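# Descriptive analysis of the structure
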Amino acid sequence: MGMNSNSTKSRMAMSEINITPMVDVMLVLLIIFMVTTPMMQQGIDIDLPEVSSSGTPTNDEPFVLDIRKNKHLYVGEAELNVAQLSERLTAIFATRKNKQIYLRADRNVDYGLVAETMGEIRAAGISNISLVTLPKIN
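For the structure given in this document, a descriptive report is provided here. From a predicted model like this one, the values you see are computed outputs, not experimental measurements.

The subject of this paragraph is the overall build of the protein chain. When helices and strands are counted, the protein chain shows four helices and seven strands. Its helices and strands taken in sequence order, the protein chain reads α-α-β-β-β-β-α-β-α-β-β from the N to the C terminus. In the protein chain, which comprises 138 residues, the proportion classed as buried is 22%. Nonlocal contacts in the protein chain, meaning residues at least 24 apart in sequence, comprise 72% of its contacts between residues at least 6 apart.

Below, the structure is given as structure tokens:
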């Protein structure tokens, strides 16, 4: 009988779950995400001018329009030209609650293109235009 009860215990399934392999996998995934996340932050190479004023805080996701050195306009990675800018912005801002646009122009872009772009933005019905600059380092 003593043997019989001992062999019954060895045949019973273990009721504890071993979570050590799951924790190992989660830690490896955490390390992978921590390493790859900074690599995903790719920006556009724009040489912004520096000013001595402070920035303006925002609550919503900003809408950023870039003017690069090659004088092309970009919204994200989509390229636009000045002629179609007004109609595209009208369509985009028809459903947006925040009617503000951030204009990032390279330092080497001539003022005429920036002024023309701002005119097209105003023609689309957006009057709240902010120019993005870098803080001046003393």
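Another point: the pattern of salt bridges. Using the criterion set out here, one finds one salt bridge in the structure. Among the ionic pairs, Arg104 bridges to Asp66, the shortest N-O distance being 2.6 Å. Highlighted residues: Arg104 in strand β5 (residues 100-105) and Asp66 in strand β2 (residues 63-67), separated in sequence by 38 residues. Exposure remark for Arg104: the relative accessible area of 22% places this residue in the partly exposed category. Its relative accessible area of 3% is what places Asp66 among the buried residues.

A few words now on the pairing of strand β6 (residues 128-131). Alignment of β5 against β6, held across four bridges, turns out to be parallel. Each residue of the ladder has a partner; that of Tyr102, found in β6, is Ser130. Between the parallel pair β5 and β6, the chain is carried across by helix α4 (residues 111-123), and the sense of this crossover is right-handed.

We now examine the sheet that holds strand β4 (residues 78-80). The strand order β4-β3-β2-β5-β6 describes an open sheet built from five strands, whose pairing is mixed. Here the strands that pair on one side only, and so sit at the sheet edges, are β4 and β6. Each strand of the sheet is rotated relative to its neighbour by a mean of 30°, with strand direction disregarded. The strands touched by helix α3 (residues 82-93) within the sheet are β2, β3 (73-75), β4 and β5, with β4 carrying the most contacts at an inclination of about 125°.

The next point concerns α4. The end-to-end C-alpha separation of α4 is 18 Å, in line with the 18 Å expected for 13 residues at 1.5 Å each. Listing the buried residues of α4 in full gives Leu113, Val114, Thr117 and Ile121. The buried residues of α4 occupy an angular sector of 100° when projected down its axis, which confines them to one face. Those residues of α4 that are exposed and aimed more than 90 degrees away from the buried face are Tyr111 and Ala123.

Rules of the game
Residues numbered from 1 in each chain as written. Predicted model: local features only at pLDDT ≥ 70, side-chain atom pairs only at ≥ 80, totals over all residues. Heavy atoms only, no water. Helix = DSSP H or I, 4+ residues; strand = E, 2+ residues; numbered from the N terminus. Buried < 20%, exposed > 50% of the residue type's maximum accessible area, 1.4 Å probe, protein only. Contact = heavy atoms within 4.5 Å. Salt bridge = Lys/Arg side-chain N within 4 Å of Asp/Glu carboxyl O. Pairing = 2+ DSSP bridges. Right-handed = clockwise from strand over helix to strand, strands pointing away. Axes fitted to C-alpha atoms, helices over the stretch in contact; angles between N-to-C directions. Expected span 1.5 Å × (residues − 1). Arc of directions from axis to C-beta.

From the geometry alone we can't say anything about function, so treat these as descriptive.
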